[in-house]
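# Structural description and commentary
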4 protein chains.
Amino acid sequence: MSWLETSIMARRGVARGEARSEHAITEKTQGKYHYVYGPYAKPVLTVQPGAVVSAETHDAFEGAIKSETDRPSEKLNFPYLNPQNGPIYVEGAEKGDTLAVYIKSIVPRGPQPCGTTCLIPEFGGLVGTGDTALLNAPLPEKVRKVEVDPVKGVKWSDKITLPYEPFIGTIGTSPEIEAITSLQPDYYGGNMDLPDVAPGAVIYLPVNAPGALLYLGDCHAAQGDGELCGVALEHPTVTTVQIDLIKGWRFKWPRLETAERIMTIGSGRPMEDAARIAYRELVRWMAAEYGFDELDAYMLLTQAGRVRLGNMVDPKYTLGASIAKSLLA
Amino acid sequence: MSWLETSIMARRGVARGEARSEHAITEKTQGKYHYVYGPYAKPVLTVQPGAVVSAETHDAFEGAIKSETDRPSEKLNFPYLNPQNGPIYVEGAEKGDTLAVYIKSIVPRGPQPCGTTCLIPEFGGLVGTGDTALLNAPLPEKVRKVEVDPVKGVKWSDKITLPYEPFIGTIGTSPEIEAITSLQPDYYGGNMDLPDVAPGAVIYLPVNAPGALLYLGDCHAAQGDGELCGVALEHPTVTTVQIDLIKGWRFKWPRLETAERIMTIGSGRPMEDAARIAYRELVRWMAAEYGFDELDAYMLLTQAGRVRLGNMVDPKYTLGASIAKSLLA
Amino acid sequence: MSWLETSIMARRGVARGEARSEHAITEKTQGKYHYVYGPYAKPVLTVQPGAVVSAETHDAFEGAIKSETDRPSEKLNFPYLNPQNGPIYVEGAEKGDTLAVYIKSIVPRGPQPCGTTCLIPEFGGLVGTGDTALLNAPLPEKVRKVEVDPVKGVKWSDKITLPYEPFIGTIGTSPEIEAITSLQPDYYGGNMDLPDVAPGAVIYLPVNAPGALLYLGDCHAAQGDGELCGVALEHPTVTTVQIDLIKGWRFKWPRLETAERIMTIGSGRPMEDAARIAYRELVRWMAAEYGFDELDAYMLLTQAGRVRLGNMVDPKYTLGASIAKSLLA
Amino acid sequence: MSWLETSIMARRGVARGEARSEHAITEKTQGKYHYVYGPYAKPVLTVQPGAVVSAETHDAFEGAIKSETDRPSEKLNFPYLNPQNGPIYVEGAEKGDTLAVYIKSIVPRGPQPCGTTCLIPEFGGLVGTGDTALLNAPLPEKVRKVEVDPVKGVKWSDKITLPYEPFIGTIGTSPEIEAITSLQPDYYGGNMDLPDVAPGAVIYLPVNAPGALLYLGDCHAAQGDGELCGVALEHPTVTTVQIDLIKGWRFKWPRLETAERIMTIGSGRPMEDAARIAYRELVRWMAAEYGFDELDAYMLLTQAGRVRLGNMVDPKYTLGASIAKSLLA
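This is a predicted model, so every value here is computed, not measured.

Rules used in this analysis
- Residues numbered from 1 in each chain as written.
- Chains lettered and ligands numbered in written order.
- Predicted model: local features only at pLDDT ≥ 70, side-chain atom pairs only at ≥ 80, totals over all residues.
- Heavy atoms only, no water.
- Helix = DSSP H or I, 4+ residues; strand = E, 2+ residues; numbered from the N terminus.
- Rg over C-alpha atoms; globule rule 2.2 N^0.38 Å.
- Buried < 20%, exposed > 50% of the residue type's maximum accessible area, 1.4 Å probe, protein only.
- Contact = heavy atoms within 4.5 Å.
- Areas by Shrake-Rupley, 256 points an atom, 1.4 Å probe, with all protein chains shown as cover.
- Lys, Arg positive; Asp, Glu negative; His and termini not counted.
- Charge placed at Lys NZ, Arg CZ, Asp CG, Glu CD.
- Pairing = 2+ DSSP bridges.
- Least-squares fit on C-alpha atoms with pLDDT ≥ 70 in both.
- Domains from an automatic or database assignment.
- Buried area = accessible area lost by both parts, 1.4 Å probe.
- Salt bridge = Lys/Arg side-chain N within 4 Å of Asp/Glu carboxyl O.
- Polar contact = N/O pair within 3.5 Å; in protein donor to acceptor, adjacent residues only side chain to side chain.
- Axes fitted to C-alpha atoms, helices over the stretch in contact; angles between N-to-C directions.
- Parallel < 35°, antiparallel > 145°, perpendicular 65-115°, else oblique.
- Nonpolar A, V, L, I, M, F, W, Y, C, P; charged D, E, K, R; others polar.

### Regarding the overall build of chain A
When its secondary structure is counted, chain A shows 5 helices and 21 strands. Computed over C-alpha atoms, the radius of gyration of chain A comes to 19 Å, within 12% of the 20 Å expected from 2.2 N^0.38 for 329 residues, which places it in the range of a compact globule. Dimensions of chain A, computed from the C-alpha atoms along their principal axes, are close to 55 × 45 × 40 Å. Out of the 329 residues in chain A, the part that is buried amounts to 67%. Taking the intrachain contacts of chain A between residues at least 6 apart in sequence as the baseline, contacts between residues at least 24 apart amount to 79%. Accessible surface computed for chain A: about 10600 Å², of which carbon and sulfur atoms make up 51%. Between the centroid of the 32 positive side chains of chain A and the centroid of its 40 negative side chains there is a distance of 1 Å.

What follows is the structure, encoded as structure tokens:
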């Protein structure tokens, strides 16, 4: 946890990046899961900065797809998809602050095979969809159930085993007055499906509503860039995060920090808008806090910026833009 | 009102397209206006199909821009923009039904000059925005106040007078569980900014929540295709609509009918997705209800479809696709 | 022809908008038709400003689709599609000038049924394509042959007859050093598929290469906005245009003038870029030549601009933005 | 060079991936550089498969920007930008074949500081452009000249040195009949600006014209993902490639192979279309040559695909999609 001691969370957080209390959200204490990010739900938990919270997350289908003979179109009931734990009310959090969430660990739970991916009609990156509305016939439905083991990895097939590289697909704070489907990523986080939101990273989320109202869910055991068919390796987990609060740090879109890099996260359509958002936020961050002239930052990122494509399938596409901390010194 | 007697509303509506009761929503009875389309607000009015409702609408700025020396960036308080009347609860309306709203009249109200347009930083069709995020400096702010008279028209300048061609910029039903900013157009209607939503037309809106929960506001005295700078000729009005209910007519996106045409309305980004949605809905409507083979409808629209660009400035762009009724006989 | 006497072509053209000579390009004198817009082909004709030229155009398939049982995928040989007449070398035309082309008439030619539309695999506005590359199976191929009569109209079916509203689908000058497929619209014109490029209008095309090198072809007997399935009512014609030259009138994208309106034409992807191009050009035209402040023009177009969607199927999408001349006085 | 012996080039190439002859293209033997990719230029060199060719490339500005006080808008003369070496005629290459180009080395040449980046008005990823046409004022022009040393790296500033990670920004074959600006990437390669096209990789390019007609230029000393401001670290080089020919291997878009991965490269607008092209090509490649069912490949890439953003600034955006060879066994 060494780098964490020098993180923005540690340097600027109300709790100084320290773990000060422990909490659990079980399926039972969560009760009803949520399908929107908004301020209209009652908090399931209220914590102080410094809280470490373990949450029993469902997979994106709330476990409805149990076997490879299930048909997603019959099992799934839009808009009751992508169930979220929370909201967690963080005391002291107000509009204009930033919530820091350090991702401590993600562990699979539930009976094997606990991993699920599938093809859902009119959803995915290489098919016509509800938004890219076409007359072509949809692809056939298809379900794949796989065993997920933190050590042995994701058993894709007899020949192929993928490493277990879990991350949180959907995490964010509440909008101020909107309540937006948990299928969508946006300025408050949400369904970004960005593999960098993984154990060891800190994600910084703008606070828009009193108490921040943190939601999370939709953990993936593995995912390629873009989450091509729309369904990563979904699985239920126990996910543990540590929450801190940075007063008066105000920005528009989520940010992320790891030992080596800082990243800004943009979501939009078309995809170039997601890239523009992410990179503009990074330019402005470098200018505001790292001593760069804005145009110099723009030119340096031209030579040294990195892009990670999160999803190319959700209502908005998500991209992360980053730069090595070593270039910021 | 002759064509209306043969409209879909008249043929299939619970109230047979008849006006059966009268209601008014004044500024006073409305009280707090709304900034999201969602199911979490208490209805301001409950009506039966056949209700005629007159509503005192605010302009999109709730009157905050009073003079040409006002600066929009100082007067406007995001997300408290585009105030909406409603919601109106329509008895008997359930998910899977359709609300029919016949627009009877729009009349300006309030002291002159009651029309407002302006340039808002980082908003508009020919500037970098929050979504198309760029480093260029924003344009200067600028406000124009104009007199609006239903007969004499819109007095743009000493030399230029535009005809008064009012329409409802924002109208729609509630999503099932989401509450979405009234700045956004989507599958339930919302901020479409489509000039065809004008007196004499019937708009058909899918019902997603019990009672439909109709909202409306944001009337424009004039608007070009695309609402280029983002702010049409905004003005406060008394807007009168007649509401009917079509049970079991289920579709995804708003539809519109006039004496001569039927239209489907799509909203999305990039703009081609809005066009795809609108045209696919039209193809499917022609196939489902007018006896066309789907591919024949596709080919006929290639020769005879018409497109109206509503907005190119809102969180989703809006386009209407239409065909003459005379080609459907 | 009265309005033409007050047109920009008449006021600023080298030939003052007068018809001064007559020329014909027959199938025979054309010989080989062209499939790119570029400077590498030998002119088929050299004329002075004031030339009236009648050209025997082929349909977009060079007549290869002869019956409703033909399969487009077998008959069409990419990239040898959309055959163009020309190039016509206009004496005196240099980079930085503008070619004015008044469209005098379009008349169908050849044996009936001379009109063709069809569904081509992976091409069209509501299907996956080579650019919007998807895994869905393509739609079935389908051909429709129709009779086209200038008076009786386009006999679509026993029940439906469409008016004969012909226009030039593809017209433009040569790029300076590029040679671009005639399937593409761009800054020099090309395959815009914009129904306003019709008899009675003058199109203004930027000159990029010596002699301008005018190409044209691909006339449509009817077309809806967007040319939805990708194939309008294609037909072979005799098309007659009058060519003039405006020295030193320099702009980037095609412009068009009718009795009532001026229009700018943009082509791009995504579609909003086509709209941005068209509207920015119109703002700048109004500022440069009609006495508007640029921001005033932007605001006026917000209330009074009109958009025509040409195509949503070609390598770039095309939109025309226009304003009534009566608002420019 | 071990992996190369197992490469597709070695296994299927006419020259079996062997270096069989050596050639040089100097500034002098090149003479006139080229600004379009097309079949209308005379080959500068004719070779057999197995040829190793060293070319003296110019930077993208042909050396016109010599100092930090130069103004790009004055020094650059569109469309005479991005000068290319070639074309190289490869004997035996016909439409339907594939050219394999192994990139052996890239070495800077010319006096220091030989590296250039700059801000060009209306060009770049975070500004309004000719395509994303806006009314905002452009950013200031700015030039940065930097020393480039293969060992010491790229001296960005006193504090920041970037590693020398050179690659070929622009490389491709000729279209069949088009001649397209060397600023554009497309199905034949061109200005992809993808950092993976680097020493040690083999790029596979579809042959569209007799002799393939290989062009290359525009080498970058360093570049971030997306080439944000539009101008990477441009520098003149001696670039050495080995050319082979694979008969009858037919595909539409460029492919790339390294020791660890296979990649497909798509270019398009909006950016999601580039991603769709790249991933669809990869799905189809896995299905055609690696024994995958197409839907299985689609699902596996969802968990294990990787995306590299080449450029977000050129006339088409470029993305590479890849998968580890270890997952294909």
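### Concerning the sheet that holds strand β9 (residues 153–155) of chain D
All names here are of chain D. Read from one edge of the open sheet, 4 strands run β7-β8-β9-β10, paired in antiparallel fashion. Taken across any chain shown, the strands that pair with only one partner, and hence form the sheet edges, are β7 (115–119) and β10 (161–162). Where β9 meets β10, 2 bridges bridge the pair, whose relative direction is antiparallel. Along β10, the bridge assignment pairs K155 with T161.

### Description of the relation of the copies chain C and chain B
Here chain C sits on chain B after a turn of 180 degrees about the axis and a move of 0.0 Å along it, with an RMSD of 0.0 Å. Seen this way, the second copy is the image of the first under a two-fold rotation axis. Relative to the rotation axis, the closest C-alpha in chain C is found at M271(C), a distance of 2.6 Å.

### Some points on the domain arrangement of chain A
Residues and elements named next belong to chain A. Domain annotation of chain A identifies domain 1 (3–250) and domain 2 (261–327). Spacing between the C-alpha centres of domain 1 and domain 2 amounts to 22 Å. Each side of the interface is counted separately: domain 1 has 27 residues, and domain 2 has 19 residues. Between domain 1 and domain 2 lies a buried interface of about 1800 Å² when both sides are counted; carbon and sulfur atoms form 57% of it. On the domain 1 side of the contact with domain 2, P185, L194 and G226 bury the most area, a combined 24% of that side's loss. Summed over the shared surface of domain 1 and domain 2, the result is 5 salt bridges. In this structure, R269 engages D131 in a salt bridge whose closest nitrogen and oxygen atoms are separated by 3.8 Å. The interface formed by domain 1 and domain 2 includes 11 residue pairs in polar contact (both at pLDDT 80 or more).

### Examining the interface of chain A and chain D
When the parts come together, some accessible area is lost, and that loss is often what is quoted as the size of the interface. Contact with chain A, which involves 57 residues of that partner, is made by 57 residues of chain D. The junction of chain A with chain D conceals about 4700 Å² of combined surface from both sides, 66% of it contributed by carbon and sulfur atoms. Of all residues in chain A, Y298(A), M299(A) and Q303(A) bury the most surface against chain D, accounting for 17% of the area lost on that side. Note that D225(D) and R306(A) form a salt bridge whose closest N and O atoms lie 3.8 Å from each other. Remark: the boundary between chain A and chain D carries 30 residue pairs in polar contact (both at pLDDT 80 or more). Elements that contribute at least two residues to the side of chain A that touches chain D include exactly β7 (115–119), β8 (142–149), α4 (271–289), α5 (294–304) and β20 (306–311) of chain A.

### Structural notes on the packing of helix α4 (residues 271–289) of chain B against helix α4 (residues 271–289) of chain C
Each packed pair of helices is defined by two parameters, the angle between the axes and the distance between the axes. One way to put it is that α4(B) packs onto α4(C) with a least axis distance of 6 Å and a crossing angle of 115 degrees. On the basis of their axis angle, the class for α4(B) and α4(C) is roughly perpendicular. Within the contact between the two elements, α4(B) uses M271(B), E272(B) and A275(B) and α4(C) uses M271(C), E272(C) and A275(C). Tallied by class, the residues present in the contact of α4(B) with α4(C) amount to 4 nonpolar, no polar and 2 charged.

### Here's the deal with the relation of the copies chain A and chain D
Relative to chain D, chain A is turned by 180 degrees and slid 0.0 Å along the rotation axis, the superposed coordinates differing by an RMSD of 0.0 Å. Same-surface contact between copies: 100% of interface residues of chain A are shared with the interface of chain D.

### Brief notes about the sheet that holds strand β13 (residues 185–186) of chain A
All names here are of chain A. Read across the open sheet, the 6 strands follow the order β3-β5-β16-β11-β14-β13; overall the sheet is mixed. Both outer strands of the open sheet, β3 (45–47) and β13, are each paired with one neighbouring strand and no more. The sheet contact formed by β3 and strand β5 (residues 85–90) spans 3 bridges and is parallel. Paired with L45 across the bridge in β5 is I88.

### As for the environment of E94(C)
Residue and element names in this part refer to chain C. Locating E94 in the fold gives a position in the loop between β5 (85–90) and β6 (98–108). For E94, a relative accessible area of 48% puts it in the partly exposed group. Separated by 85 residues in sequence, E94 and A179 have C-alpha atoms that sit 18 Å apart. Setting aside residues up to four positions removed in sequence, E94 forms contacts with V207 and K247. Engagement of the side chain of E94 in a polar contact is seen with the side chain of K247, the distance being 2.9 Å.

### Considering the interface of chain C and chain B
Listed per partner, the contact involves 57 residues of chain C and 57 residues of chain B. Of the roughly 4700 Å² buried between chain C and chain B, counting both surfaces, carbon and sulfur atoms make up 66%. Together, Y298(C), M299(C) and Q303(C) form the three largest contributors to the area buried by chain C at its contact with chain B, with a combined 17%. Across the salt bridge formed by D296(C) and K142(B), the nearest N and O atoms sit 2.9 Å from each other. When contributions to the side of chain C that touches chain B are tallied by element, the ones reaching two or more residues are β7 (115–119), β8 (142–149), α4, α5 (294–304) and β20 (306–311) of chain C. Ranked by residue count, the leading element in the side of chain C that touches chain B is α5(C), at 9 residues. Its residues assigned to classes, the side of chain C that touches chain B comprises 34 nonpolar, 10 polar and 13 charged.

### Notes on the pattern of salt bridges
Pairing of side chains with opposite charge becomes possible as their charged atoms draw close. Counted according to the given criterion, the structure contains 89 salt bridges over all chains. The salt bridge partner of E122(A) is R280(B), with a shortest N-O separation of 3.2 Å. On the criterion of chain membership, the pair formed by E122(A) in the loop between β7 and β8 and R280(B) in helix α4 is interchain, its members lying in two chains. The class of E122(A) is partly exposed, set by a relative accessible area of 26%. Judged by relative accessible area, R280(B) falls into the buried class, the value being 6%. Sharing partners across several salt bridges, the network here consists of D131(A), R269(A), D273(B) and R276(B).

### Digging into the pairing of strand β17 (residues 237–246) of chain A
Residue and element names in this part refer to chain A. Counting buried residues in β17 gives 9 out of 10 residues, a clear majority hidden from the surface. Relative to β17, strand β6 (residues 98–108) runs antiparallel, the two being bridged by 10 bridges. The residue of β17 that forms the bridge with L99 is L245.

### With respect to helix α5 (residues 294–304) of chain D
Residues and elements named next belong to chain D. Burial analysis of α5 places 9 of its 11 residues in the buried class, which makes it a mostly covered element. Those residues of α5 lying buried are L295, A297, Y298, M299, L300, L301, T302, Q303 and A304. With a side-chain oxygen positioned 2.9 Å from the backbone nitrogen of L295, the residue opening α5 is D293.

### Some words on the environment of K325(D)
All names here are of chain D. Mapped onto the elements, K325 comes out in the segment after β21 (317–324). Taking C-alpha positions, K325 is 20 Å from G266, a pair spaced 59 residues apart along the chain. The contact partners of K325, leaving out residues within four places of it in the chain, are W3, E257, T258, A259, E260, R261 and I262.

### As for unusual backbone geometry
Following Q112(A), the chain continues to P113(A) via a peptide bond in cis, the omega torsion being -5 degrees. Here P113(A) is to be found in the loop between β6 and β7. At L213(A), a residue that is not glycine, the phi angle is positive and equals roughly 60 degrees. Among the secondary structure elements, L213(A) is positioned in the loop between β15 (202–206) and β16 (214–220). The exposure class of L213(A) is buried, given its relative accessible area of 6%. Even without glycine at this site, A212(D) takes up a positive phi of about 70 degrees.

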